[in-house]
Amino acid sequence: MSEPAPVVSYARISSDLRGDEHGIQDKYQLNRETAARHGWAVVFEFTDNDKSADKADVFSES
């Protein structure tokens, strides 16, 4: 049997009003379940909490 494919899990919430990352944790759980269904191994979790593309510091024109 082959090794599981390594994958990175990404979760972003544009507004975390409670500041407790509950939405991020929910998304990571969903990502872990999806990875398990496909036989993948989550090797890193990347987070953008309380980041919105609507905020000036997120996007700048070149």
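The rules behind these values
- Residues numbered from 1 in each chain as written.
- Predicted model: local features only at pLDDT ≥ 70, side-chain atom pairs only at ≥ 80, totals over all residues.
- Heavy atoms only, no water.
- Patch = residues over 30% accessible without salt bridge, like charges linked within 9 Å, V, L, I, M, F, W, Y side chains within 5 Å.
- Areas by Shrake-Rupley, 256 points an atom, 1.4 Å probe, with all protein chains shown as cover.
- Salt bridge = Lys/Arg side-chain N within 4 Å of Asp/Glu carboxyl O.
- Helix = DSSP H or I, 4+ residues; strand = E, 2+ residues; numbered from the N terminus.
- Buried < 20%, exposed > 50% of the residue type's maximum accessible area, 1.4 Å probe, protein only.

Moving on to a nonpolar patch on the surface. Taken together, the side chains of V8, Y10, V43, F44 and F46 make up a nonpolar region of the molecular surface, amounting to roughly 510 Å² of accessible area. Put simply, the parts of the chain that give the nonpolar patch at least two residues each are β1 (5-13) and β2 (40-49). Element by element, the count of residues in the nonpolar patch is highest for β2, at three residues. If you trace the backbone, V43 turns up in strand β2. On the basis of relative accessible area, V43 is assigned to the exposed category, the value being 55%.

Spatial relationships are all this shows, so hold off on functional conclusions.
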